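# Working through the structure, step by step
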Amino acid sequence: MSIASFLLLGIQCITVDAAFRAIKGRVVLAAVAAFGLGNGLTNTNVTMKIAQAVVQVGLRTGPVTLLFLIYFATACLSCLISVQATVVIVYGIIKHLDIPHVSMGQLVVILAIGASSSFMTPVGYQTNLMVWRAGGYSFLNYFYFGFPLTLIVGTTSALLCRQLVP
């Protein structure tokens, strides 16, 4: 990303002033606040307690179901808060997981897909908010179409992640 930024500055597609004006303070503040929240949850052992509960579920249900549940929980959280905050919080939990036959790579891929799957509400992602009013959608429209889509993407992701990600 920074290479592309320097390239645009170098070939004078954008000025330095325009580049700095393009930085959105609220987005930067949300990302920084997410790290503070994530550190707070880790320092108070909340993430460790949640991870221990997830391990118990994972041992009972099997790897694919566990991957789906992590996806679904991440997708639900992503519908309420920003993607960055979701990743920071859920990564704080999954980094403590040690479940047989489930690799850290699989957990991180499921985390990334789940965090990007804010289909069930208009508030989880900026584009959803942009089309919510303009398209005449109701809040429930997002849930009616987003919930089945979340289930389909989650099931497909868990199955493929288990098979394809080492």
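Our structure's up above, just so we're on the same page.
Source: prediction; values computed, not measured.

Right, let's talk about the overall build of the chain for a bit. Helix and strand counts for the chain come out as 9 helices and 0 strands. For the chain, the sequential pattern of α-helices and β-strands runs α-α-α-α-α-α-α-α-α. Dimensions of the chain, computed from C-alpha atoms along their principal axes, come out at roughly 55 × 40 × 35 Å. The buried share of the chain, reckoned over its 166 residues, is 30%. Across the chain, the fraction of contacts at a sequence separation of at least 24, relative to all contacts at a separation of at least 6, is 70%. Roughly 10300 Å² of accessible area belongs to the chain as shown, and the carbon and sulfur atoms make up 70% of that amount.

We now examine the environment of Val90. Mapped onto the elements, Val90 comes out in helix H6 (residues 83–94). For Val90, a relative accessible area of 10% translates into the label buried. Val90 sits 43 residues away from Thr47 along the chain, and the two C-alpha atoms are 8.3 Å apart. Ignoring sequence-local partners within four residues, the contact set of Val90 consists of Thr74, Leu77 and Leu111.

Now for helix H9 (residues 139–164). Between its first and last C-alpha atoms H9 spans 36 Å; for 26 residues at 1.5 Å apiece the expected length is 38 Å, and the two agree. Of all the bends in H9, the largest measures some 30° and sits at Gly146, one to four residues before the proline Pro148. Restricting attention to buried positions, one finds in H9 the residues Tyr142, Gly146, Thr150, Gly154, Ser157, Ala158 and Cys161. Those residues of H9 that are buried lie in contact with helix H5 (63–78), helix H7 (104–115) and helix H8 (126–134).

Looking now at helix H4 (residues 46–61). For H4, which comprises 16 residues, the first-to-last C-alpha distance of 23 Å matches the rise-based estimate of 22 Å (1.5 Å per residue) to within 8%. Within the sequence span of H4, burial applies to Thr47, Ala51, Val54, Val55 and Gly58. For H4, the angular spread of the buried residues around the axis is 110°, confining them to a single face. Turned more than 90 degrees away from the buried face of H4 sit Lys49 and Arg60, all of them exposed. Gly62 sits one or two residues past H4 and shows a positive phi near 100°.

Right, let's get into the packing of H4 against H6. Where H4 contacts H6, the two axes come as close as 7 Å, and the packing angle between them is 60°. Comparing the axis directions of H4 and H6 gives the class oblique. With respect to the hand of their crossing, H4 and H6 are arranged in right-handed fashion. Taken together, the residues of H6 that come into contact with H4 (itself represented by Thr47, Ile50 and Ala51) are Ile89, Gly92 and Ile93. Considering only residue class, the contact of H4 with H6 consists of 4 nonpolar, 2 polar and no charged.

Each value, and the rule that gives it
Residues numbered from 1 in each chain as written. Predicted model: local features only at pLDDT ≥ 70, side-chain atom pairs only at ≥ 80, totals over all residues. Heavy atoms only, no water. Helix = DSSP H or I, 4+ residues; strand = E, 2+ residues; numbered from the N terminus. Buried < 20%, exposed > 50% of the residue type's maximum accessible area, 1.4 Å probe, protein only. Contact = heavy atoms within 4.5 Å. Areas by Shrake-Rupley, 256 points an atom, 1.4 Å probe, with all protein chains shown as cover. Expected span 1.5 Å × (residues − 1). Bend = angle between axes of the 7 residues up to and from the residue. Arc of directions from axis to C-beta. Axes fitted to C-alpha atoms, helices over the stretch in contact; angles between N-to-C directions. Parallel < 35°, antiparallel > 145°, perpendicular 65-115°, else oblique. Left-handed = near helix turned anticlockwise from the far one by under 90°. Nonpolar A, V, L, I, M, F, W, Y, C, P; charged D, E, K, R; others polar.

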